[in-house]
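# Working through the structure, step by step
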Amino acid sequence: MSTPPATETTTFADLALRPELLEALTGLGYEEPTPIQREAIPPLLAGRDLLGQAATGTGKTAAFALPILQRVPLGGGGREPLALVLVPTRELAVQVCEAVHRYGRGVGARVLPIYGGQPIRSQLRALERGVDVVVATPGRALDHIGRGTLRLDKLELVVLDEADEMLDMGFAEDIEAILHDTPEAGQTVLFSATMPPRIDRIARRHLRDPVRIQMGREAAPGNVPLVRQSAYVVARAHKPAALGRVLDVEAPTAAIVFCRTRDEVDQLTETLNGRGYRAEALHGGMNQEQRDRVMGRLRAGTAELLVATDVAARGLDVEQLTHVINYDVPSSPESYVHRIGRVGRAGREGVAITLAEPREHRMLKAIERTTKQRIAVEKVPTVADLHARQLEMTRAALHESLLEDELDRFRVVVETLADEFDVMEVALAAVKLAHEATATGGADDDEEIPQVAPPKAERGSQGGRGGSGPKRRSPAGGPAGADGADGAMTRLFVGAGRAAGVRPQDLVGAITGESSLSGRQIGAIEISDRFSLVEVPEVMAEDVIKALRGTKIRGKKATVRRERY
Ligand code: AMP
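Residues numbered from 1 in each chain as written. Predicted model: local features only at pLDDT ≥ 70, side-chain atom pairs only at ≥ 80, totals over all residues. Heavy atoms only, no water.

### Observations concerning the pattern of salt bridges
- Applying the stated criterion across every chain yields a total of 41 salt bridges.
- The salt bridge partner of Arg-236 is Glu-357, with a shortest N-O separation of 2.3 Å. Here the residue Arg-236 occupies a position in the loop between strand S8 (228–233) and helix H11 (239–250), and Glu-357 occupies one in the loop between strand S13 (351–356) and helix H16 (361–371), the gap between them amounting to 121 residues.
- Here Asp-408 ties to Arg-411 by a salt bridge, and the two come within 3.1 Å at their closest N and O atoms.
- In the salt-bridge network here, residues are joined through shared partners; they are Asp-164, Glu-165, Asp-168, Arg-198, Arg-362 and Arg-561. (Salt bridge = Lys/Arg side-chain N within 4 Å of Asp/Glu carboxyl O. Helix = DSSP H or I, 4+ residues; strand = E, 2+ residues; numbered from the N terminus.)

Next up, the structure:
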């Protein structure tokens, strides 16, 4: 396919990472570096600056975390950090911190998240004890730099992660100030999902002869097979249920479900078998004999689902396959093309379905851009959809049975019952029995699956990790309608927050004054230091955005757009 075979077989060991890191990666079930890791890790290890265009889902966190961890002395270094990672939100600070901690366990790296809304005292204590890597939001990092509690003298590496988001949130000046304070000789790494001119300007000012990496450059659209492609956006917690629903509605003859890691393959296979599907795991940790056995079961039809990693499924050709399901968004458009190439061969029909987490929405867009094909984001089938589909399948099965014309031996049953019941009633009872015998359905058969988890629910599920967080306001007139009870709500990002003196009433005033929305229709409002989030009815979102863009909030123009996940 588009990626040359030589790079396809690059392993983490080929990247010359230290043994503690290789062990951690094997322990996590990572089989091979993602494209961005393959491209970014060698120059970063060699001390180069880097400008990378990559969205969440590409594996960019490990791409910068591993080279950082490569330098941390075993058991941790001195008191001052050797790396600073700047991120736009506290959620990301926590996430990146956890990832660096996971990768750096064997190294003994000390990692600290620093973000607003968290008591400063515990941060001070941790800084005093000494840290190797600080992951911070720019505002709070600058606070600590100003107080002299975060010293940058020993810094060897600065990473700007999701730089476009940081600029959108008004952190441009803070970032400039921080970069100004970092040692001249250090390395600077900038990752951004988009590369607007503002990012380019920062790169030109602060990056020295950077290596440039752009995700998805190599994908050859000509190679994309013609299959029906769609995606569902669901929160991580709802993924197993969403997968079950998709499988029940699609009823594939045979499907391959792709996961990122070995561990995920094993876990998901177990979950699926527990729910009554016949699933088999296939990953790089299995020997040839085990793999042959699995493939044999799939070909013979004793297994209907193959749960696999990219590595294990490379080159796989199974005629029966009708569906490819991406349990996670693949780490590059090339990998997506590889995966969906398992179906739709030789003119056969194929279906590719991707389950994306809200934050991975952009990755879907990147895939669409490189494949030049649309991936329709669809609503997760509802319980009613599932039931309708199951009835349809029963009807189709009966139809087939009627055409087969081998029904005579059952005539006596119908005739006997017809003495007592109407033939229609007899038919209904027979259909009921047939339906119950064939309709699949897992544990979540009668549970609706939320399409996109509202971001606040996501925060809630991370409860306890995130500090106090931004102030919230209940919707005017109580919660009615705020959670989409009478229509879906959507969150808008407004690039002005507490620091600009913005209060909930300013936002309500601006929205009701400039658009046709009433105060009652506005949902929850969250105001953080640098930005605000406002829930409005989805159907009105574009009107509100247009109206707010044409007005000032607390005397200033602000960025207004849909929240990006
Ligand atoms: P990121 O784009 O950094 O947010 O990473 C997305 C997801 O991919 C995370 O869940 C990582 O744990 C996972 N991941 C990163 N690198 C790899 C890899 N080489 N193999 C498998 N999974 C990975």
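### Points about the side chain of His-144
- Its location among the elements puts His-144 in helix H7 (residues 138–147).
- The buried category is assigned to His-144, whose relative accessible area is 0%.
- With sequence-adjacent residues up to four places away left out, His-144 is seen in contact with Ile-114, Ile-120, Gln-123, Leu-124, Leu-127, Thr-149 and Leu-150. (Buried < 20%, exposed > 50% of the residue type's maximum accessible area, 1.4 Å probe, protein only. Contact = heavy atoms within 4.5 Å.)

### Focus: unusual backbone geometry
- Positive phi, normally seen in glycine, also occurs at Ala-251, with a value near 40°.
- Inspection of the secondary structure puts Ala-251 in the loop between H11 and strand S9 (255–258).
- Residues other than glycine seldom take positive phi values, yet Lys-372 does so here, at roughly 55°.
- Within the secondary structure, Lys-372 sits in the loop between H16 and strand S14 (376–377).

### Here we look at the site of the ligand
- Around the ligand, 14 residues are found, and the nearest of them are Tyr-30, Gly-57, Gly-59, Thr-61 and Arg-260.
- Interatomic distance of 2.8 Å between a backbone N/O atom of Gly-59 and an oxygen atom of the ligand.
- Contacts to the ligand include Thr-61, whose side-chain N or O atom sits 2.6 Å from an oxygen atom.
- Protein chains bury 80% of the 490 Å² of accessible surface belonging to the ligand in isolation. (Near = heavy atom within 4 Å. Polar contact = N/O pair within 3.5 Å; in protein donor to acceptor, adjacent residues only side chain to side chain. Areas by Shrake-Rupley, 256 points an atom, 1.4 Å probe, with all protein chains shown as cover.)

### Describing the nonpolar core
- Judged by nonpolar contacts, the single largest core of 43 residues is most densely connected at Leu-66, Ile-68, Val-85 and Val-135.
- Broken down by element, the residue count for this core peaks at eight residues, all from helix H5 (residues 90–103).
- Excluding anything up to four places from it in sequence, Ile-68 contacts Leu-82, Ala-83, Val-85, Val-133, Leu-157 and Val-159. (Core = buried A, V, L, I, M, F, W, Y, C linked by side-chain atoms within 4.5 Å.)

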